[in-house]
Amino acid sequence: MSHPSSEGSPPVISLPRRADVAVVGGGVVGLCVAYEMAAHGRQVVVIDGGRIGRGSAAGNAGLITPSHLIPMAAPGVMSGVVRGMIRRTGPVTVRPSIDPSYLRWMVRFALNCTSRAAHAGAIALSTLGFLSADLAVQWIRREGIECSYQKSGLLYAYGDPAAFEAARHEADTMERYGVTIERYDAAEIREQEPALDEGVVGGFRCLDDAGLDPARFMSGIVSVLAERGVVFVPQTRLLDFRTSDGGVDRLVTARGDLAADEVVIATGAWTPGVAALLGESIPIQAGKGYSMTVAAPRQGPRNNILLGDRWVAVNPIGDLLRMSGWLELGRLDTRPSLRRLATVEANVRSRVRLDPELTVLERWAGLRPVTPDGLPVIGRSPGWRNVTYAVGHGKLGLSHGPVTGRLVAQIVCDRPTDLELDPFSPRRFR
Ligand SMILES: Cc1cc2nc3c(=O)[nH]c(=O)nc-3n(C[C@H](O)[C@H](O)[C@H](O)COP(=O)(O)OP(=O)(O)OC[C@H]3O[C@@H](n4cnc5c(N)ncnc54)[C@H](O)[C@@H]3O)c2cc1C
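Just so we're clear, the structure is a prediction, and the values are computed from it rather than from any experiment.

1. A look at the site of the ligand
- Taken together, 34 residues lie near the ligand, and Asp 48, Ser 56, Leu 63, Gly 394 and Ser 399 sit nearest.
- Within the contact set of the ligand, an oxygen atom lies 2.7 Å away from a side-chain nitrogen or oxygen of Ser 56.
- Gly 397 has a polar backbone atom sitting 2.9 Å from an oxygen atom of the ligand.
- A total of 1,000 Å² of accessible area belongs to the ligand in isolation, and the protein chains cover 95% of it.
- Secondary-structure elements contributing two or more residues to the shell around the ligand are α1 (28-39), β13 (285-295), β17 (360-370) and α10 (397-412).

2. Re unusual backbone geometry
- The backbone of Trp 311 shows a phi angle near 60 degrees, a positive value even though the residue is not glycine.
- One can find Trp 311 in the loop between β14 (305-307) and β15 (312-317).
- Given a relative accessible area of 33%, Trp 311 falls into the partly exposed group.
- Positive phi, normally seen in glycine, also occurs at Asp 414, with a value near 60 degrees.

3. Side note on the nonpolar core
- Judged by nonpolar contacts, the single largest core of 72 residues is most densely connected at Phe 204 and Phe 217.
- Sequence-distant contacts of Phe 204, that is, excluding residues within four places in its chain, are made with Leu 154, Leu 155, Tyr 156, Tyr 158, Ala 167, Ala 171, Met 174, Ile 181, Glu 182, Arg 183, Tyr 184 and Ile 189.
- In terms of nonpolar packing, the next biggest core, distinct from the first, is built from 27 residues, Leu 15, Val 24, Ile 265 and Val 387 among them.

4. A closer look at the domain arrangement of the chain
- Assigned domains within the chain: domain 1 (4-58 + 215-282 + 374-429) and domain 2 (69-99 + 148-209 + 285-370).
- One C-alpha centre belongs to domain 1, the other to domain 2, and the line joining them spans 29 Å.
- At the interface, 16 residues of domain 1 touch 18 residues of domain 2.
- Carbon and sulfur atoms make up 62% of the area that domain 1 and domain 2 hide from each other, which totals about 1,400 Å².
- On inspection of domain 1 and its partner domain 2, the count reaches one salt bridge.
- In this structure, the salt-bridge partner of Arg 54 is Glu 362, at a minimum N-O distance of 3.9 Å.
- For the pair domain 1 and domain 2, the interface holds five residue pairs in polar contact (both at pLDDT 80 or more).

The rules behind each value
Residues numbered from 1 in each chain as written. Predicted model: local features only at pLDDT ≥ 70, side-chain atom pairs only at ≥ 80, totals over all residues. Heavy atoms only, no water. Near = heavy atom within 4 Å. Polar contact = N/O pair within 3.5 Å; in protein donor to acceptor, adjacent residues only side chain to side chain. Areas by Shrake-Rupley, 256 points an atom, 1.4 Å probe, with all protein chains shown as cover. Helix = DSSP H or I, 4+ residues; strand = E, 2+ residues; numbered from the N terminus. Buried < 20%, exposed > 50% of the residue type's maximum accessible area, 1.4 Å probe, protein only. Core = buried A, V, L, I, M, F, W, Y, C linked by side-chain atoms within 4.5 Å. Contact = heavy atoms within 4.5 Å. Domains from an automatic or database assignment. Buried area = accessible area lost by both parts, 1.4 Å probe. Salt bridge = Lys/Arg side-chain N within 4 Å of Asp/Glu carboxyl O.

The following block contains the structure:
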């Protein structure tokens with residue numbers, strides 16, 4: 001049986017003196033950037049303060065979801081958050097703080113919860129989502145990456161009739177932006193997924209979505225790239241930049257300096273601290289989430305399921321089953337919380353039949369890098385000619401990693417980009 005943590009980082013090697021492209025952050029986005037940069041013939045060095053290919057994606061739900069096109073900042077989100085906090089069932093908790101950058105972020109988020117912003121965001125996210133899903137499957141097939149990839153759609157299931165009713169409108173919206181949907185009543189959805197219990201009143205399947213093992217997807221990319229000469233340097237934290245003439249010359253790291261022609265920042269939820277070293281402000285808050293991975297139970301689901309009114313995902317991944325959820329805003333630590341994980345499991349069990357005893361293999365936490373408009377930040381730094389940001393993917397870093405890699409490579413190599421980049425510009429926050 002594969003264990004979620006068994007996918008190793010490459011061994012620690014010494015830091016090269018220079019690179020064509022230095023990628024800071026060896027999480028899913030940094031690796032996708034490295035893949036595309038290497039395909040453009042650039043000599044790439046990826047550094048990470050921790051392990052390569054782990055970051056905030058290794059224990060995530062493993063879903064590739066073009067269907068997630070409604071931005072996190074959308075009408076009704078603020079009231080839903082407050083209701084969940086009062087009932088203590090999630091999905092979101094907000095850390096109280098008077099930190100001005102946190103408060104500014106909150107105000108920006110609230111101002112983005114309008115139909116107009118959500119419509120513009122949905123167009124941008126759906127374009128990213130569909131392109132990226134196609135790229136992911138191309139890479140997996142081309143490189144023979146074994147990561148339990150399955151394009152069997154994502155089953156959204158509801159137990160609360162009012163939530164189901166609201167979700168029908170959400171499904172209509174998804175369809176308008178190009179998602180293919182199959183709708184089910186109570187009997188039909190249990191036929192689709194016999195592990196759902198009698199409390200489930202209906203749902204729908206988004207046929208464009210897929211699932212995979214994120215840790216094995218990332219370790220597959222690392223293996224392919226290592227053979228192509230990409231250098232991975234784990235346990236090497238970026239501490240500072242050395243600059244001249246409007247550009248970065250060198251990265252100062254915990255293990256020496258690295259000179260680079262181009263720098264790509266792919267540091268997820270840690271980006272504000274990294275951008276501040278360049279005197280720039282990229283408003284990202286950590287949205288901490290949790291997962292628990294168990295050995296596939298005898299009684300359990302066959303489908304990737306999102307329990308829409310319980311805000312948890314439950315996914316079979318190879319011979320594992322993963323339950324995940326929760327979003328704690330403003331927590332920049334990755335310690336798993338047993339209390340939160342117990343709520344995630346209870347939410348799953350409230351709708352899905354599972355063996356009474358489960359063999360827990362991993363308890364995990366990760367940080368979604370959340371922007372106040374729910375769109376990623378992909379583009380040239382406002383202030384530095386050879387720095388590019390690839391950050392802020394929120395709950396969609398695995399889903400949008402491949403297309404981000406492609407766009408960043410096009411930016412860095414001065415090629416026309418596949419997409420209009422204005423919605424993702426780092427300048428939009430100025
Ligand atoms: C519970 C949960 C479930 C999720 N499910 C899904 C899903 O099903 N599908 C999906 O698409 N997304 C999902 N996500 C979101 C996804 O995991 C994130 O969007 C993604 O991990 C972001 O990738 P990243 O590479 O930008 O950041 P990260 O994965 O966090 O990687 C950033 C890397 O930068 C490194 N770093 C930071 N600072 C420095 C520094 N100063 N020097 C060197 N290195 C540094 C870190 O060590 C880290 O490895 C989920 C997230 C959570 C928490």
